[in-house]
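Summary of structural features
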Amino acid sequence: MREKWGSNYDDEGLTYLEGLYTGLMATQNVNGALQVDQAQKICKISYEIDSRIREGSDFDKLLTSYDKLVKTAEFTPKNVKNATDFDSVGELFRWLEKRGWRNKFYDDVTRDIVDETMKNIQNFTQRLYTNETGIAEEIERRIQSLQSARDLEDYYDTNKEYDLDEYDNAGYEELIKEDEFDPSVLKDDGGEVLDE
């Protein structure tokens, strides 16, 4: 810390400077070497102001310099960054990667009236179906009918894609065979046979 802040500070001063600097870096949007230098100067001036307050001497000029430097560096409350905010998409992906790419939004804990309402609706629905006679049999019949429909689809292979053009061509080729094709079938509206 003496290399960073200088050798003219005692241990208490170095601790004060490092604590304030760490706080500034954690809460302010500090970008570039110039703002880092301004943050260090603000810390030094702040320490000098505190020292003069303890001594009881005048610190008005230092306070004016401090205010100007804070405004120049734009270390104001409106520029305070929230530690939980993301500054870039890269930070968002890093956060998601650490969490295993899954958000754990709901953990079965009732937190507000919406959670309580959802729980009440689920309990009502469960009681409605478990206490109602005949519902279980109807659900069982519905499951069986869905199963039989699936079995029929599997039997007739309705999920297979058929080439309908190939089907049409096969039928047309059957008609064109010499021994089965009768050109008199092709007539226009006037009853005349059309030429090939």
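Here the residue numbers are simple positions, counted from 1 along each chain's written sequence. Restriction of local features to residues with pLDDT of at least 70 applies here, the model being predicted, together with a cutoff of 80 or more for giving and counting side-chain atom pairs; totals for whole chains, interfaces and linings are based on all residues. No hydrogens and no water enter the side-chain calculation; it runs on all heavy atoms of the structure.

So, about helix H3 (residues 32-55). What sets the pattern is the α-helix's 3.6 residues per turn: residues three or four places apart point alike. With 24 residues, H3 should reach 34 Å at 1.5 Å per residue; the first-to-last C-alpha distance of 35 Å fits that figure. Turning to H3, its buried residues number three or more, namely Gln35, Gln38, Ala39, Gln40, Ile42, Cys43, Ile45, Ser46, Tyr47, Ile49 and Ser51. The contact criterion used is simple: two residues touch if any of their non-hydrogen atoms lie within 4.5 Å. Numbering of helices and strands starts at the N terminus; helices are DSSP runs of H or I of at least 4 residues and strands are runs of E of at least 2. On its buried face, H3 sits against helix H1 (2-5), helix H2 (11-27) and helix H4 (60-73). To estimate how far a helix should extend, the number of its residues minus one is multiplied by 1.5 Å. Here's how the labels work: a residue is buried when its accessible area is under 20% of the maximum for its type, exposed when over 50%, partly exposed in between, all with a 1.4 Å probe on protein chains only.

Attention shifts here to the confidence of the model for the protein. Residues of the protein with pLDDT of at least 70 account for 79%, and the chain-wide mean is 78. Here helix H8 (residues 164-176) is the element of the protein with the lowest mean pLDDT, 72, and H3 is the one with the highest, 88. For every residue, the pLDDT score states the predictor's confidence, bounded by 0 at the bottom and 100 at the top.

Glancing now at H2. For H2, which comprises 17 residues, the first-to-last C-alpha distance of 24 Å matches the rise-based estimate of 24 Å (1.5 Å per residue) to within 8%. The complete set of buried residues in H2 reads Gly13, Leu14, Leu17, Tyr21 and Leu24. Along the long axis of H2, the arc covered by the buried residues comes to 100°, so they all point the same way. Opposite its buried face, H2 presents the exposed residues Asp11, Glu12 and Thr15, each directed more than 90 degrees away. Looking at the buried residues of H2, the elements they touch are H1 and H3. The directions from the helix axis to the C-beta atoms form the arc being described.

Turning our eyes to something else, we now look at the nonpolar core. Nonpolar cores are built from buried Ala, Val, Leu, Ile, Met, Phe, Trp, Tyr and Cys residues. Side-chain atoms within 4.5 Å join them into one set. Ranked by size, the top nonpolar core spans 18 residues in total, and within it Trp5, Tyr9, Leu17, Leu24, Ile42, Cys43 and Phe75 carry the most contacts. Sorting elements by how many residues they give to this core places H3 first, with six residues.

Let's shift gears to a negative patch on the surface. Residues forming no salt bridge and having over 30% relative accessible area are the ones grouped into patches, like charges within 9 Å of each other and nonpolar side chains (Val, Leu, Ile, Met, Phe, Trp, Tyr) within 5 Å. Each accessible area value is a Shrake-Rupley result obtained with a 1.4 Å probe; residue values ignore everything except the protein chains displayed when judging cover. A pair is scored as a salt bridge if a Lys or Arg side-chain nitrogen falls within 4 Å of a carboxyl oxygen belonging to Asp or Glu. Positive charge is attributed to Lys and Arg, negative charge to Asp and Glu, and no charge count is given to His or to the chain ends. For this purpose, a charge sits on NZ of Lys, CZ of Arg, CG of Asp or CD of Glu. A contiguous patch of negative charge on the surface is contributed by Asp163, Asp165, Glu166 and Asp168. Relative to the assigned elements, aspartate 163 resides in the loop between helix H7 (135-156) and H8.

With respect to the helices and strands, glutamine 38 occurs in helix H3. Sequence-distant contacts of glutamine 38, that is, excluding residues within four places in its chain, are made with Leu69, Thr72, Ala73 and Phe75.

Turning next to the packing of H3 against H4. Orientation of H3 relative to H4, taken along the N-to-C sense of each, is 155°, at an axis distance of 10 Å. What the angle tells us is that H3 and H4 run roughly antiparallel. Every pair of crossing elements has a handedness; the one defined by H3 and H4 is left-handed. In contact with Gln35, Gln38, Lys41, Ile42, Ile45, Ser46, Glu48, Ile49 and Arg52 of H3, H4 contributes Leu62, Leu63, Ser65, Tyr66, Leu69, Val70, Thr72 and Ala73. Polar here means any residue outside two lists: the nonpolar Ala, Val, Leu, Ile, Met, Phe, Trp, Tyr, Cys and Pro, and the charged Asp, Glu, Lys and Arg; Gly therefore counts as polar. Its residues assigned to classes, the contact of H3 with H4 shows nine nonpolar, five polar and three charged. Whenever a helix is involved, its axis is fitted only over the stretch in contact; in every case the axis is a line through C-alpha atoms, and angles between N-to-C directions fall within 0 to 180 degrees. Between 65 and 115 degrees an angle is taken as roughly perpendicular, under 35 as roughly parallel, over 145 as roughly antiparallel, and anywhere else as oblique. Throughout, a crossing is termed right-handed when the near helix is turned clockwise from the far one, and left-handed when it is turned anticlockwise from it by less than a right angle.

Let us now look at a nonpolar patch on the surface. Together, Phe124, Leu128, Tyr129, Ile139 and Ile143 line one region of the surface with nonpolar side chains, adding up to about 490 Å² of accessible area. Of all the secondary-structure elements, those providing two or more residues to the nonpolar patch are helix H6 (113-131) and H7. No other element matches the three residues that H6 contributes to the nonpolar patch. On the secondary structure map, isoleucine 143 appears in helix H7.

All right, on to the packing of H2 against H3 then. The interhelical angle for the contact between H2 and H3, taken along N-to-C directions, is 135°, at an axis separation of 9 Å. Comparing the axis directions of H2 and H3 gives the class oblique. Of the two elements, H2 crosses H3, and the hand of that crossing is right-handed. Only Val36, Ala39, Gln40, Ile42, Cys43, Lys44, Ser46, Tyr47, Asp50 and Arg54 of H3 make contact with H2, whose side of the interface consists of Glu12, Gly13, Tyr16, Leu17, Leu20, Tyr21, Leu24 and Met25. Taken together, the residues of the contact of H2 with H3 break down into 11 nonpolar, three polar and four charged.

What follows is about the pattern of salt bridges. Overall, the coordinates contain three salt bridges when judged by the stated rule. In this structure, glutamate 12 and arginine 54 form a salt bridge, with 4.0 Å as the shortest nitrogen-oxygen distance. Pair noted here: glutamate 12 is in helix H2 and arginine 54 is in helix H3, with a separation of 42 residues, a long-range link. The exposed category is assigned to arginine 54, whose relative accessible area is 54%. When the shortest N-O distance is used, the salt bridge between lysine 41 and aspartate 37 registers 2.6 Å.

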